[in-house]
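# Understanding the architecture of this molecule
Residue-level listing of the chains:
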Amino acid sequence: MKGEAEQTTQAVKEVYTGSELLIELLVEENVDIIFGYPGGAVLPLYDALYRSNAPFRHILSRHEQGGIHAAEGYARVTGKPGVVFATSGPGATNLVTGITDAMMDSLPLVIFTGQVSNQVIGTDAFQESDVMGITMPITKYNYQVNDARDLPRIVKEAFHIANTGRPGPVVIDIPKNISESIVYEPGSTTFDLQGYQPTEKPNPLQIVKLGSALSRSQRPLILAGAGVVFANAAAELTQFATMYGVPVVNTLQGLGSFPEENELSLGMGGMHGSYAANMAIQECDLLINVGARFDDRLTGNLKQFAPKAKVAHIDIDPAEIGKNVPTDIPVVADAKEALQALLEINIDKPDTTVWRNKVKENQTAYPYWYEKPSEYLSPQWLMEQIHQRTDGNAIVTTDVGQHQMWAAQYYKFSRPNRWVTSGGLGTMGFGFPAAIGAQLGKPDELVVAIVGDGGFQMTLQELSVVKQHALPIKVIIVNNEVLGMVRQWQESFYEERYSSSLLTANPDFVKLAESYGIRGIRAENEADADRALAEIFASDEAVVADFRVAWREKVNPMVAPGKALHEMLGVKK
Amino acid sequence: MKRIITATVQNRGGVLNRITGMLNKRQFNIESITVGASEIEGISKMTFVVHISDEQKLEQLTKQLNKQIDVIKVSDITDKAIVARELALIKVGSSGQLRAEIQGIISPFRASIIDVSKDSLSVQVTGKPEKIDALISLLRPYGIKELARTGVTAFLRGQQPRQVTDIQTVYTI
């Protein structure tokens, strides 16, 4: 009898609830941080979290959107999937912007949403929302768990899908009764993914084709996108470009994949890219796209894009090849694998001297330019200062808009995984919470959030998180009291009708920061700014700095909407 | 151009929603979709009839379908030797006197009358969409009260014609 009793206790110990099982599965996936916000449908999950001694931290955001952007920032700088918890209904719907953002910028996330119990799904129950339906078009894949025994397979698959091939967000929707249910025998972790086999190795024939196109080319150009960063292929890219003397243009998201101090770097291309980069695209006879998706902000008018070029496109997502730009040499592969293969074959080195000189001439003749306004701070000058004072080594996060473009133009990146910006979706309010995630993912690095006064106000409630976890983030508010990019377009294309773009009732950001117990600084002129910047970068604590910059300043140069890359405006003073 | 595309998919909750959602999001114009079980348990077969403006769009369609995690295989079978069939149910207004006449019309189509009421009869017809179109236009004068078509389902014929390269071989066969 005694023996039997012992056996029973042992058996009881092996019984989990769905929530406890999930926590264990997250430990197995080496999760170290969860970004989340509790609520009714995830109470069992949060209770299991409370009771467990799992080796990860839970970071309570102050709004689900803040939580998921933090997870994106974390994923961007660590290369590991960001993990998010949120409750059903409003918790899940508050994630929608972040999920879409991650989908557009290919960031690996695994998101767990609570759901109302199975029995009441479909009855418009309290805090019910159709998370599967809502997130289907904005996720790489999504699951609803109908049996807690499936959790081991689903969680394993989700992490695999999120961070292989072209990364992306995966949602797992868990009804409350499932997370509460007792699991006697967890199911297996064997994948059931017959339709998911990303091609990582390039077809050798295509590599040879690309090689011979390069050897015949007189004006080759590389366009390097975020695919290089995700594939951890910056070293291979640099080696390849230098070996054959091929100039490199970066996309916005590809910044950092090729060192901007390298003499072959032309910096960013596209709408607010450098003149030299855009002209190189228009003039080249071979365009080698490595891991970029020919986004419309990069290409300008597609009909006149790279008119003289034979196009080669290396991408892990076959659907990106030929989607916007007809492609002569498609290579479906991981960027690292493809570049390694290219480095291994013998390619007759093309003589690109004339071409490189021409490209260089443009670069010298038409650099980014700005004029310092007399009364206010120059935002471009501010970016240069930040770059200088951080030795170009900071992790920089941004929202979307003018400050983002200035940061992209003037903060020269020499290493990958240090540039965290919302490119595809262009999400205001992304930069500050993303900095929180980046700082948590890289606690020893300097993290600078460059935000606009508009965007910062969309997610500034996360200042509580900065305070709570003593995160030494430097928040640089490029404050022009307008929605800068909207205003710029209104000035340029809508005859200065500033419809709803002037922010006339901004808070006092210094007092605001102080109310959260965070140091606040204001700078209204260069002398102020010098002092402020010195203080900011000397401090080992968080600082929120309100830099009052000129409101009329425009981002130059610019490819106007619908125009081709060679029709840039504002190229010179 | 009109294309017939088949896809084998894992039969999971929401798979139809996933695919139609993607088609809608990317602005593909679908004429019909059929879904049903295949010879393998857990695997379904879908047949799409789509109108596509150019080759680039067509390539995008197959690529975007393939990109779906639940999709195992996608084939554009338009230019292959295929069997493609559709079923239609057609309810025609008909008094007793007209029944024989309608019977006469539908018999060459190997269609059959599957329901009769005092003022209508229902015809079932299977075949290529053009054949069904033809029968519908013949029945229209009698007054079609209700019409339901399933959309095309299709697959490859067991034998595909060999590429003829040498005219000699044709004659020697």
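Residues numbered from 1 in each chain as written. Chains lettered and ligands numbered in written order. Predicted model: local features only at pLDDT ≥ 70, side-chain atom pairs only at ≥ 80, totals over all residues.

To be explicit about the condition: UniProt positions are given in the numbering used here, feature names are shortened, and annotations may be inferred rather than shown by experiment.
The name given to chain A in an unreviewed UniProt entry is Acetolactate synthase, with the source organism recorded as Tigheibacillus jepli. Recorded under Sequence similarities (unreviewed entry), the UniProt text for chain A is reproduced unchanged: "Belongs to the TPP enzyme family." The Catalytic activity (unreviewed entry) field of the UniProt record for chain A holds the comment "2 pyruvate + H(+) = (2S)-2-acetolactate + CO2".

### So, the confidence of the model for chain B
All names here are of chain B. How we decide: As a per-residue measure, pLDDT tells how confident the predictor is, with possible values from 0 to 100. We call two residues in contact if the C-beta atoms placed from their backbones are at most 7 Å apart.
With 94% of its residues at a pLDDT of 70 or more, chain B has an overall mean of 92. The model gives residues 166–173 a pLDDT under 50, and that stretch makes 2 contacts with residues more than four places away or in other chains. Both scores are given for the predicted complex: the pTM is 0.95, the ipTM 0.92.

### Focus on the sheet that holds strand S4 (residues 71–76) of chain B
Residue and element names in this part refer to chain B. Put simply, the rule is: Note: two strands are recorded as paired if DSSP finds a minimum of 2 bridges between them. Every helix listed is a DSSP run of H or I at least four residues long, and every strand listed is a run of E at least two residues long, numbered separately from the N terminus. Axes, fitted as lines to C-alpha atoms, cover a helix only where it is in contact. Angles between the N-to-C directions of the axes lie from 0 to 180 degrees.
Overall, antiparallel pairing links the 4 strands, which are arranged S2-S3-S1-S4 in an open sheet. The open sheet is flanked by strand S2 (29–37) and S4, the only strands paired with a single partner. Across this sheet, the average inter-strand angle for adjacent strands is 20°, counted without regard to direction. Bridge count between S2 and strand S3 (residues 43–51): 8 bridges; the pairing is antiparallel. Residue pairing in the sheet places Asn29 in a bridge with His51 of S3. On top of the sheet, helix H2 (residues 55–67) reaches strand S1 (2–10), S3 and S4; it is set at about 160° to S4, its chief contact.

### Examining the interface of chain B and chain A
Here is the rule: Note on residue classes: Ala, Val, Leu, Ile, Met, Phe, Trp, Tyr, Cys and Pro are nonpolar, Asp, Glu, Lys and Arg are charged, and everything else, Gly too, is polar.
Each partner contributes to the interface: chain B provides 17 residues, whereas chain A provides 15 residues. Within the residue set of the side of chain B that touches chain A, elements represented by two or more residues are helix H1 (15–25), H2 and S4 of chain B. Among the elements that line the side of chain B that touches chain A, the one with the most residues is H2(B), at 6 residues. Class assignment for the residues of the side of chain B that touches chain A results in 3 nonpolar, 8 polar and 6 charged.

### Overview of the sheet that holds strand S14 (residues 329–332) of chain A
Strand pairs in the sheet, formed through backbone hydrogen bonds, run parallel or antiparallel to each other. All names here are of chain A. On the basis of which strands lie adjacent, the open sheet formed by 6 strands has the order S11-S10-S9-S12-S13-S14 and parallel pairing. The open sheet has two edge strands, strand S11 (265–268) and S14, and neither has a second partner. Averaged over all pairs of adjacent strands, the angle between strand axes in this sheet comes to 15°, irrespective of strand direction. The pairing of strand S9 (residues 220–224) with strand S12 (residues 286–290) spans 5 bridges and is classified as parallel. Following the sheet pairing, Leu223 is matched in S12 by Asn289.

### Comments concerning the confidence of the model for chain A
When pLDDT is averaged along chain A, the result is 96, and 98% of the positions lie at 70 or above. Contacts of residues 1–13 of chain A to residues separated by more than four positions or lying in other chains number 0 contacts, the stretch itself having pLDDT below 50.

### Details of the packing of helix H17 (residues 379–389) of chain A against helix H18 (residues 402–410) of chain A
Residue and element names in this part refer to chain A. Quick reminder of the rule: Geometric relationships in this document are graded by angle, where less than 35 degrees denotes roughly parallel, more than 145 denotes roughly antiparallel, 65 to 115 denotes roughly perpendicular, and other angles denote oblique. Crossing handedness: left-handed means the near helix sits turned counterclockwise from the far one by under a right angle, and right-handed means the same turn made clockwise.
Relative orientation of the contacting elements H17 and H18 amounts to 50°, with a least axis distance of 9 Å. The orientation of H17 with respect to H18, classified from their angle, is oblique. In terms of crossing hand, the pair formed by H17 and H18 is right-handed. Residues Pro379, Gln380, Met383, Glu384 and His387 of H17 form the contact with H18, whose own contacting residues are His403, Trp406, Ala407 and Tyr410. When its residues are assigned to classes, the contact of H17 with H18 shows 5 nonpolar, 3 polar and 1 charged.

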